[in-house]
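# Close look at the chain arrangement
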Amino acid sequence: MTRAPRLGAAAALAVAAVLPCISTAKPIAFAQGTTVMAEYGAGTMEELQVFYAPRHFYSVGFGHLALQSNIDERSRDITYARFNYLVKRWNREGSQANVFAWGGAGSAQTSETGGAQFTWNAGLQMDYETRRFYSSVKSELQESSVFSHRIDTLQIGFAPYAHDYGGLATWVVVQGRRITGEIQDGTEAALLLRFFKGAIWLEAGATTDGKLQAMLMLNF
């Protein structure tokens, strides 16, 4: 009578150990860990982020975001400092869910003014994942006296096999992204292949317009 609960608890702990690294980019990896993320979206968005987490529930760091309009000649180069916070985490046997929030401030160079503009940012991310499925929705706002851009990203991922801890994980990811503020015309859809093993995570694919999408994430 007592073995089943013990096995269930052991399985939950094992899944909890694997899941934080499984499928989605997170601003907090683990306590006293550093996360580096570089994203490239041909012709629209490029971003580099570096965060350090003193504790498992928050991290601090900086980033640089470059936006290029596919409607006109507008461009933004935004450098910012940011604080990330794990609002809530649910660990279940075979699954995990997270809610992250963040905010920060920085400076932007814009094509309209040419000068530096004070910029603030805020965002929210929610995700749910198992070893074979995951979903993530993220919304972030970059705002100054010159511009206001909200970047909304939805991802749905499927794994053709349930990888073992320390093994190579493979995911097929469908992504939808919309950037407001006359940066992007419509919603951009992309199909991505994602691979990770240990501390290295790489995804690459293309949008429905044939533009390259790629991201590299390192945790150490």
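As a reminder, the structure under discussion sits directly above these lines.
We now turn to the structure provided with this report. Predicted, not measured: the structure shown is a model, and the values here were computed from it.

Quick look at the overall build of the protein chain now. Looking only at helices and strands, one finds one helix and twelve strands in the protein chain. Along the protein chain, helices and strands appear, N-terminal first, in the series α-β-β-β-β-β-β-β-β-β-β-β-β. Burial status across the protein chain gives 42% buried among its 220 residues.

Right, let's talk about unusual backbone geometry for a bit. One non-glycine residue with positive phi stands out, namely Q32, at about 60°. Within the secondary structure, Q32 sits in the loop between helix 1 (3-18) and strand 1 (33-41). Look at E182: it is not a glycine, yet its phi comes out positive at around 60°. Owing to a relative accessible area of 44%, E182 belongs among the partly exposed residues under this scheme.

This brings us to the pattern of salt bridges. Considering all chains together, one arrives at ten salt bridges under this definition. R76 is the partner of E112 in a salt bridge, and the nearest nitrogen-oxygen pair spans 2.5 Å. Separated by 36 residues along the polypeptide, E112 in the loop between strand 5 (95-110) and strand 6 (116-129) and R76 in strand 4 (residues 75-92) bring together distant segments of the chain. Exposure remark for R76: the relative accessible area of 1% places this residue in the buried category. Residue E203 is joined to R194 by a salt bridge in which the shortest nitrogen-to-oxygen separation is 2.5 Å.

So, about the packing of aromatic side chains. Taken as a whole and judged by the stated rule, the model has five aromatic pairs. The interplanar angle of 55° and the centroid separation of 5.3 Å between the aromatic rings of F57 and Y58 together place this pair among those described as tilted. Judged by relative accessible area, F57 falls into the partly exposed class, the value being 26%. When the ring of F57 is compared with that of Y85, the centres are 6.2 Å apart and the planes differ by 80°; the resulting orientation is edge-to-face. Taken together, the residues span a long stretch of sequence, with F57 in the loop between strand 2 (45-55) and strand 3 (58-68) and Y85 in strand 4 at a distance of 28 residues. Classification of Y85 by relative accessible area gives partly exposed; the value is 37%. Connected via pairs of aromatic rings, a cluster forms that spans F57, Y58, F83 and Y85.

Reading guide: rules and limits
- Residues numbered from 1 in each chain as written.
- Predicted model: local features only at pLDDT ≥ 70, side-chain atom pairs only at ≥ 80, totals over all residues.
- Heavy atoms only, no water.
- Helix = DSSP H or I, 4+ residues; strand = E, 2+ residues; numbered from the N terminus.
- Buried < 20%, exposed > 50% of the residue type's maximum accessible area, 1.4 Å probe, protein only.
- Salt bridge = Lys/Arg side-chain N within 4 Å of Asp/Glu carboxyl O.
- Phe/Tyr/Trp six-rings, centres within 6.5 Å; stacked < 30°, edge-to-face > 60°.

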